[in-house]
Amino acid sequence: MAVLHVLTVPNPILSKKCRPIGPGEFGEDLARFASDLAETMYAAPGVGLAAPQVGDLRRLIVIDPGNCTREQDDDGRPTNPRFLALVNPQIIEASKEMMVYEEGCLSVPDFEENVTRPRRVHIRYLDESGKPHQKWFEGYDAIVVQHEMDHLEGVVILDRVSRLKKGRYLQRRQKVRVRNDGTLEY
Ligand SMILES: [Zn+2]
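Residues numbered from 1 in each chain as written. Predicted model: local features only at pLDDT ≥ 70, side-chain atom pairs only at ≥ 80, totals over all residues. Heavy atoms only, no water.

## Description of the coordination of the zinc ion
Line of reasoning, step 1. Protein coordination of the zinc ion is provided by Cys105 (SG), His147 (NE2) and His151 (NE2), with donor distances spanning 2.0 to 2.2 Å.
Line of reasoning, step 2. Mapping the donors of the zinc ion onto the primary sequence gives the spacing C-x41-H-x3-H. A residue pair is termed long-range when its members are at least 10 positions apart, and cysteine 105 in strand β4 (residues 98-105) and histidine 147 in helix α2 (residues 140-152) qualify at 42 residues. As far as the burial class goes, cysteine 105 and histidine 147 line up, both buried. (Donors = N, O, S within 2.8 Å, 3.2 Å for Na, K, Ca; no water. Helix = DSSP H or I, 4+ residues; strand = E, 2+ residues; numbered from the N terminus. Buried < 20%, exposed > 50% of the residue type's maximum accessible area, 1.4 Å probe, protein only.)

## Concerning the pairing of strand β7 (residues 132-138)
Every regular strand shows the same layout, with side chains that alternate between the two sheet faces.
Line of reasoning, step 1. Where strand β6 (residues 120-126) and β7 come together, 7 bridges link them in antiparallel fashion. The partner of histidine 122 across the bridge, within β7, is tryptophan 136.
Line of reasoning, step 2. Once β6 ends, the chain turns through 5 residues before running back antiparallel as β7, passing glycine 130 with a positive phi of about 100°. (Pairing = 2+ DSSP bridges.)

## Digging into the confidence of the model for the protein
For any part of a model where pLDDT is low, the fine detail of the predicted coordinates should not be relied upon.
Line of reasoning, step 1. Averaged over every residue, the pLDDT of the protein is 90; residues scoring 70 or more account for 89%.
Line of reasoning, step 2. Mean pLDDT values over the elements of the protein span from 87, in helix α3 (residues 163-177), up to 98, in β6. (pLDDT = per-residue confidence, 0-100.)

## Topic: the nonpolar core
Line of reasoning, step 1. The biggest cluster of nonpolar side chains holds 16 residues, and the ones touching the most others in it are Leu37, Leu60 and Val62.
Line of reasoning, step 2. Within the residue set of this core, elements represented by two or more residues are α1 (28-43), β2 (60-63) and β3 (84-94).
Line of reasoning, step 3. When residues of this core are assigned to their parent elements, the largest contribution, 6 residues, is made by α1.
Line of reasoning, step 4. Beyond its immediate sequence surroundings of up to four residues, leucine 60 is in contact with Ile21, Leu30, Phe33, Ala34, Leu37, Ala50, Ala51, Ala85, Leu86, Val87 and Leu152.
Line of reasoning, step 5. One finds Leu84, Phe137, Ala142 and Val145 within the second-largest nonpolar core, a separate group that totals 15 residues. (Core = buried A, V, L, I, M, F, W, Y, C linked by side-chain atoms within 4.5 Å. Contact = heavy atoms within 4.5 Å.)

## A look at the environment of proline 45
Line of reasoning, step 1. With respect to the secondary-structure elements, proline 45 resides in the loop between α1 and β1 (48-50).
Line of reasoning, step 2. The exposed category is assigned to proline 45, whose relative accessible area is 66%.
Line of reasoning, step 3. In the structure, proline 45 is positioned 61 residues away from leucine 106 in sequence and 8.7 Å away in space, judged by C-alpha atoms.

Below is the structure:
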């Protein structure tokens, strides 16, 4: 397991659309990558992370199941896995009811902004072994999943605010990104 380097804006990789993961790509390598992604998320710490945030342009996100609706066995013990990996996630239904949440992002340091999204979303996805699932996410969990899915389209929260606000942030960022040797840090 490994903690990976998280890219930050304005790294151009974060603006790229990711490609679907094909049937032949499931296996040990993909499972290990999902696990590394989760490790990186917990180390940050964060509640979700998308593959492009570590420079991998495949449609894979991980989220912390601790924030998802608890599933329990017959004795009331949580049966949640260590993390939830969603491969090729798709929204198949979204509630008309919206909610506003102040979101932050590991790739957009020191920035938080109110974003409006559907309160409930029904997601179709494959797990890291290729098994298909459908699951409703609600409230905070729905926000996290939709935020991470945005990354797969090359969209970060900065793209959801006014151009003025985005410009100001990037200007501020520019100053802190200059390394000692004069090059820019992503
Ligand atoms: Zn993010």
